[in-house]
Amino acid sequence: MIGSLQCVVLDCPEPRALAEFYRGLLGGDVDRPDRQWSLDEDWSTLHTARGVLCFQRVAGHVAPRWPDPARPRQLHLDIAVQDLDLGKVEVLRLGGALLDDSHEAWWVFADPAGHPFCLVRE
């Protein structure tokens with residue numbers, strides 16, 4: 001094990017509006033201050049009693065269409081790790097691929113089937 005599930009991130013055009021929608025379904029606090037995230041117009045969070053959902057603005061977002069593979073579901077996992085470099089070594093050993101390591105606090109990888117996920121510094 002190299003980390004722990006930090007949150008699930010949903011791509012969307014309006015992060016705060018989608019967070020409010022899910023608050024209506026699940027309860028919880030929208031955009032509660034948390035050292036793990038910087039909240040702004042491009043990122044919103046929902047802290048529930050059982051976990052955290054995050055909402056990320058994506059320019060030109062095109063909604064998924066079930067069950068159309070040309071318009072697949074759009075979300076990714078954030079996995080919290082203490083050390084990004086050690087996490088990278090383990091992800092690559094397990095068969096993942098590095099997609100982007102240009103950010104200081106998180107790096108983007110793909111699992112062996114191509115699904116993106118992020119390792120996020122704790």
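This structure is a prediction, so every number in the text was calculated from the model and none was measured. (Residues numbered from 1 in each chain as written. Predicted model: local features only at pLDDT ≥ 70, side-chain atom pairs only at ≥ 80, totals over all residues. Heavy atoms only, no water.)

Colleague: Help me understand the UniProt feature "domain: Glyoxalase-like" (unreviewed entry) in the protein, please; the structure alone is not making it clear to me.
Modeller: This chain's UniProt record puts "domain: Glyoxalase-like" (unreviewed entry) on residues 8-120. From the first C-alpha to the last, residues 8-120 spans 12 Å; its make-up is 19% helix and 36% strand. (UniProt positions renumbered as here; feature names shortened; annotations may be inferred. Helix = DSSP H or I, 4+ residues; strand = E, 2+ residues; numbered from the N terminus.)

Colleague: Is there a simple way to think about the layout of surface pockets in this case?
Modeller: For the largest pocket, the calculated volume is near 510 Å³. Lining the largest pocket are 17 residues, and of these Gln36, Trp37, Ser38, Ala105 and Trp106 sit closest to its centre. Counting only elements with at least two residues in the lining of the largest pocket, the list comes to β5 (75-81) and β8 (116-121). Here the element with the most residues in the lining of the largest pocket is β8; it accounts for 3 residues. Of the residues belonging to the lining of the largest pocket, the class tally is 6 nonpolar, 5 polar and 6 charged. Considering only enclosed or pocket space, the second largest pocket measures out at about 270 Å³ in volume. In terms of lining residues, the second largest pocket is bounded by Asp11, Gln56, Pro72, Arg73, Gln74, Leu75, His76, Val108, His115, Pro116, Phe117 and Cys118. Looking at the lining of the second largest pocket, the elements that each hand over two or more residues are β5 and β8. At 3 residues, the largest contribution of residues to the lining of the second largest pocket is made by β8. Taken together, the residues that form the lining of the second largest pocket break down as 6 nonpolar, 4 polar and 2 charged. (1 Å grid on protein atoms, 1.4 Å probe; cavity = no way out; pocket = protein on both sides within 12 Å on 5 of 7 lines; lining within 4 Å. Points joined across faces, edges and corners; volume = space filled by probe spheres on them. Nonpolar A, V, L, I, M, F, W, Y, C, P; charged D, E, K, R; others polar.)

Colleague: I tried to follow the pattern of salt bridges on my own but got confused; where do I start?
Modeller: Note on pairing: side chains with opposite charge can pair once their charged atoms come close. Considering all chains together, one arrives at 8 salt bridges under this definition. With a closest N to O distance of 2.7 Å, arginine 57 and aspartate 42 form a salt bridge. Of this pair, arginine 57 sits in strand β4 (residues 51-57) while aspartate 42 sits in the loop between β2 (29-30) and β3 (43-48); the two residues are 15 residues apart in sequence, bridging distant segments of the chain. When its relative accessible area of 29% is taken as the criterion, arginine 57 is described as partly exposed. Bridged by salt links that share partners, the residues Arg16, Glu20, Arg23 and Asp31 form one connected network. (Salt bridge = Lys/Arg side-chain N within 4 Å of Asp/Glu carboxyl O. Buried < 20%, exposed > 50% of the residue type's maximum accessible area, 1.4 Å probe, protein only.)

Colleague: Just to check I follow, could you spell out the sheet that holds strand β1 (residues 4-12) for this structure?
Modeller: In any sheet, the strands associate via hydrogen bonds between backbone groups, in a parallel or an antiparallel arrangement. Reading across the sheet, the 8 strands line up as β2-β3-β4-β1-β5-β8-β7-β6 and stay open at both edges, with mixed pairing between neighbours. Strands with a single pairing partner mark the edges of an open sheet, and in this sheet they are β2 and β6 (97-100). Of the strands in this sheet, β1, β2, β3 and β4 touch helix α1 (residues 15-26), which is tilted by about 10° from β3. (Pairing = 2+ DSSP bridges. Contact = heavy atoms within 4.5 Å. Axes fitted to C-alpha atoms, helices over the stretch in contact; angles between N-to-C directions.)

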